[in-house]
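Breakdown of the fold
What follows is the residue order along each chain.
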2 protein chains.
Amino acid sequence: MENIFMTKIEKTMQHIRSKIENHHLMMGARLPSVRMLAKTLGYSVSTVIESYDRLVAEKVIESRQGAGYFVSGTQTAFPQHELTRLVDREIDPLWISRQSLIAQPQVLKPGCGWLPGHWMPELSIRKALRKVSKQHTDLLVNYANPWGHQPLRHWIARRIEQKGIYIQPDQVLLTESGTQAIDLICRLFLQAGDSVLVDDPYYFNFQSLLKVHRVNIVAVPYTENGPDIEQFEQIVQLHQPKLYITNAGIHNPTGATLSTHTAYQILKVAEQANLTIVEDDIFADFEFVPAPRYLDLNGFTNVIQMGSFSKTVSASIRCGYIAAHPRLIDGLINLKIATNFGCGLLNAGIIYTVLSDSSFRKHLEGLKLHLADHMSKAIRQLEKLDITPWVIPKGGIFLWCQLPKHIDAAELSKICLKYNVILAPGNAFSQSNNASHFLRFNVAQCHDQRIYEVLEKAMQELSDEA
Amino acid sequence: MENIFMTKIEKTMQHIRSKIENHHLMMGARLPSVRMLAKTLGYSVSTVIESYDRLVAEKVIESRQGAGYFVSGTQTAFPQHELTRLVDREIDPLWISRQSLIAQPQVLKPGCGWLPGHWMPELSIRKALRKVSKQHTDLLVNYANPWGHQPLRHWIARRIEQKGIYIQPDQVLLTESGTQAIDLICRLFLQAGDSVLVDDPYYFNFQSLLKVHRVNIVAVPYTENGPDIEQFEQIVQLHQPKLYITNAGIHNPTGATLSTHTAYQILKVAEQANLTIVEDDIFADFEFVPAPRYLDLNGFTNVIQMGSFSKTVSASIRCGYIAAHPRLIDGLINLKIATNFGCGLLNAGIIYTVLSDSSFRKHLEGLKLHLADHMSKAIRQLEKLDITPWVIPKGGIFLWCQLPKHIDAAELSKICLKYNVILAPGNAFSQSNNASHFLRFNVAQCHDQRIYEVLEKAMQELSDEA
């Protein structure tokens, strides 16, 4: 595998690696001496020393003082256990997450919850990495103060402030992810056996998280305008939930948005019952016109807002946040230190650099238009297959679609997985399991024509069986 | 604040910022039009547009379509609530963590648990950031598979394999931090009310973490060679703990190391009682000669090893790992997805790049010698004050020291904090609270002569009071 662009050091490393791969050098074997290899390859001694040093760092070879260099432990290729398909596993919320996370590149993922990599602001991130590589030592090696990277917290506080909400930056706490933000809130509020209110349908990972907390999950039907007000009131009276966890803005999985009227009615019930609403603002950047937030009406009296940057900046650069009433912050910080110790600065520093880059704002504008375009295309394609959206979303990535009556979404998902298409079947999102004829589509992942071909074929198979 | 190195764009941004700070432009005020400002400053229109765009991205100003640019919300300086000192708070485990994490640069931290920033491999990290900025899009924007960044997991597996332990890379799971690794293990093994065994003294954040899990903490006295074997056996019989959480290699806070003999005796008890030992290998890189690990003797039958790179690579680039028996991995992954969703790739990618850099290994060798030098200097300085080490550590950063009988470590710590020196008083590490005459010193943070001056002064004050 000669490459003319390789440096001499890389060529030397490649030379040794291939000798090991071809079993010319077995495990534990002594490598040629530096001098001898330099002579053989016609390179300088220092080139070979540096190559050996790098291979030692990579743990491919070992150096033994006075004895030379030796091939390290077992060099056999590692079996790909980790990529074992979970085909036969029950389709539960974790099934979709794990399927989507382990999917090989050739697999199509219309059911997954994030954008394709090439839709992300890759150039802004590369720029930010180079910029950060020149910044202060603290950012690179030290813990943040317990609240986290200050400029990013100020940025988040200002975004909230622009909605007319009074907020101090020390009401904002950075976390390692949006999910960790909710986990910390749960740890602060909940004990095993408490009741927690969610929407039906709702984001399936809320269920996985709440199960870890061993709480009683109760669900309120979600309408086109937010939760069903009457049922919300009844459930609150009956179960006295400690938290109501929901999405801010664009609802996952339905794509519906809260109306101001509903928000107001729900808040009245919540205030009276001393119920705290946790709104996950993770889809904020996808809105053309922002839908009302509970926070906009209530401030931080009964509302905690949290979010992350994984949908529009990067899922690889983990960083989330909590914005809450000052009385809650101290307890959240203690929990964060106890369960995760200090905040890092680097991820937040990179995210902040991307957010402050004017080209990122332009990227977002383009992204929203691009999404709207894919949304209408996906609707048209799905309708041809008699798969119809429950509501036409005002923005975002999700389409919550109803299947023909005789098609079960879980069955369909199992068949499609065999054809390398990962769907998100409705009941994974439904506490009452009444969404067996629904699928959630991510329009950003629906471009490939093969998805519709596989869907059609799988639906045909199911119809034939029936 | 004119600066000749500023670009025209930066100068324009500075011009607007200072107008806002000096209240020449009030909140909500309209900014000069682009054309007018370009004329005033003698710059091009495109320079001013780019400056305004960046200020919009920073949320200092807002753009309103067709109306121009306006000063954003409140621009008042944010009060420094977040830096409020916790002087009067009770000295509990979280006290030290929070004090150390919020300390201003002028504060001396001989009690804190990490190296000073300039001891860290800053250049390798800057190099790694530049290298990573050129790598594949996936690394920058996507989730990892649920196990985390593959090359780093393979690197960790090989390090374990070199000790003669059989391990597959899919037995290694990356986490957001070492603390998160233990938290996930606790979530897998423990229910509220279970017993967990720790050392006395032990790393104080284990206590904070275990309190979150609402478990019963029982402690075994730590000797110079590891836990007291006889008492270990009695406690295991009496309390039937589910986990024993300890440090691998260099013990925190004592700096003592486990003997092979003790390890073997402890393992026999653990195997018989079906007790799982969690060993935190965070200080591995500080050892000259590796002390025995429980893992070396037992493999993964009754042992879980975890660790992170925060001590020797960076505390800012959060990344930890768990290495465990295959039967535990699936449950740990489900918990990780539920409570933190996907792993990021970026942090692990940067850490891996640093670890693979041959200059990092050289840095580590230098670091260890540097530490040994600081260790002997600190011992000499402390002994002059009649503060004596309980054991002379074979490596690492910690010295566990006994104070003169009449000096209470918590009292001393409170006085020293007034003089801007943060100590780590013994009882924060002791489950039985029998370490009131002990302090933990971090020799890497003990270089400044003022520490010994403050200690002497504070000890004098306490002696005078008595």
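Thresholds applied
Residues numbered from 1 in each chain as written. Chains lettered and ligands numbered in written order. Predicted model: local features only at pLDDT ≥ 70, side-chain atom pairs only at ≥ 80, totals over all residues. Heavy atoms only, no water. Helix = DSSP H or I, 4+ residues; strand = E, 2+ residues; numbered from the N terminus. Contact = heavy atoms within 4.5 Å. Areas by Shrake-Rupley, 256 points an atom, 1.4 Å probe, with all protein chains shown as cover. Lys, Arg positive; Asp, Glu negative; His and termini not counted. Charge placed at Lys NZ, Arg CZ, Asp CG, Glu CD. Pairing = 2+ DSSP bridges. Domains from an automatic or database assignment. Buried area = accessible area lost by both parts, 1.4 Å probe. Polar contact = N/O pair within 3.5 Å; in protein donor to acceptor, adjacent residues only side chain to side chain. Salt bridge = Lys/Arg side-chain N within 4 Å of Asp/Glu carboxyl O. Nonpolar A, V, L, I, M, F, W, Y, C, P; charged D, E, K, R; others polar. Axes fitted to C-alpha atoms, helices over the stretch in contact; angles between N-to-C directions. Parallel < 35°, antiparallel > 145°, perpendicular 65-115°, else oblique. Left-handed = near helix turned anticlockwise from the far one by under 90°. Buried < 20%, exposed > 50% of the residue type's maximum accessible area, 1.4 Å probe, protein only. Phe/Tyr/Trp six-rings, centres within 6.5 Å; stacked < 30°, edge-to-face > 60°.

Examining the overall build of chain A
Across its full length, chain A carries 17 helices and 13 strands. For chain A, the spread of C-alpha atoms along the three principal axes comes to 85 × 60 × 45 Å. Across chain A, contacts joining residues at least 24 apart in sequence account for 72% of those joining residues at least 6 apart. Total accessible area on chain A stands at roughly 18,400 Å², and carbon and sulfur atoms take up 51% of it. The distance from the centre of the 46 positive side-chain charges to the centre of the 45 negative ones in chain A is 10 Å.

Focus on the pairing of strand β2 (residues 68-71) of chain A
Look at any regular strand and the pattern is simple: side chains alternate between the two faces of the sheet. Residues and elements named next belong to chain A. The pairing of strand β1 (residues 61-64) with β2 spans four bridges and is classified as antiparallel. Of the residues in β2, the one forming a bridge with Ile-61 is Val-71. Two successive antiparallel strands, β1 and β2, enclose a turn made up of three residues, where Gly-66 displays a positive phi of approximately 80°.

Focus: the domain arrangement of chain A
All names here are of chain A. Per the domain assignment, the segments of chain A are domain 1 (8-71), domain 2 (82-120 + 360-465) and domain 3 (122-357). Computed over C-alpha atoms, the centres of domain 2 and domain 3 are 25 Å apart. Taken together, the contacts link 33 residues of domain 2 with 36 residues of domain 3. Three residues, Met-120, Phe-360 and Gln-431, lead the burial of domain 2 against domain 3; their summed loss comes to 25% of the area buried on that side. At the boundary of domain 2 and domain 3, one finds 10 residue pairs in polar contact (both at pLDDT 80 or more). Looking at the side of domain 2 that touches domain 3, the elements with two or more residues in it are α4 (93-102), α15 (358-384) and β12 (398-402). Examining the composition of the side of domain 2 that touches domain 3, we find that eight residues originate from one element, α15, more than from any other.

Structural notes on the interface of chain A and chain B
The interface of chain A with chain B comprises 100 residues on the first partner and 100 residues on the second. Both sides together, the interface formed by chain A and chain B hides about 8,900 Å², and carbon and sulfur atoms give 54% of it. Along the contact surface separating chain A from chain B lie four salt bridges. For the interface between chain A and chain B, the tally reads 38 residue pairs in polar contact (both at pLDDT 80 or more). Here the element with the most residues in the side of chain A that touches chain B is helix α13 (residues 326-340) of chain A; it accounts for eight residues. For the side of chain A that touches chain B, the residue count by class is 39 nonpolar, 33 polar and 28 charged.

A few points about the sheet that holds strand β3 (residues 172-175) of chain A
Residues and elements named next belong to chain A. Across the sheet, which stays open at both edges, the eight strands sit in the order β3-β10-β9-β8-β7-β4-β5-β6 with mixed pairing between neighbours. Every interior strand has two partners, whereas the edge strands, β3 and β6 (226-227), have only one. As paired strands, strand β4 (residues 195-200) and strand β7 (residues 243-247) are joined by two bridges and run parallel to one another. Considered in β7, the bridge of Val-196 is made with Leu-243.

Description of the packing of helix α8 (residues 178-189) of chain A against α13 of chain A
Angle between the axes and distance between the axes are the two parameters that describe a pair of packed helices. Residue and element names in this part refer to chain A. Between α8 and α13, the shortest axis-to-axis distance is 10 Å and the interhelical angle comes to 110°. With respect to each other, α8 and α13 are oriented roughly perpendicular. In the packing of α8 onto α13, the handedness of the crossing is right-handed. On the side of α8, the interface is formed by Gln-180, Leu-184, Ile-185, Arg-187, Leu-188 and Phe-189, while α13 contributes Leu-328, Gly-331, Leu-332, Leu-335, Lys-336, Thr-339 and Asn-340. Classifying every residue of the contact of α8 with α13 gives seven nonpolar, four polar and two charged.

Comments concerning the pattern of salt bridges
All names here are of chain B. For the structure shown, the criterion picks out 30 salt bridges over all chains. Here Arg-54 and Glu-50 are joined by a salt bridge, their closest N and O atoms 3.1 Å apart. Taken as a pair, Arg-54 and Glu-50 lie in helix α3 (residues 45-57) at a separation of four residues, close to a single helical turn. The partly exposed category is assigned to Arg-54, whose relative accessible area is 29%. Linking Arg-187 and Asp-183 is a salt bridge whose minimum nitrogen-to-oxygen distance equals 3.9 Å.

Description of the packing of aromatic side chains
Residues and elements named next belong to chain B. Throughout the structure, instances matching the rule amount to 28 aromatic pairs over all chains. Ring centres of Tyr-52 and Tyr-69 lie 4.8 Å apart, and the angle between their planes is 65°; this geometry places the pair in the edge-to-face category. Residue Tyr-52 is found in helix α3, and its partner Tyr-69 is found in strand β2 (residues 68-71); the two are separated by 17 residues along the sequence. As far as the burial class goes, Tyr-52 and Tyr-69 line up, both buried.

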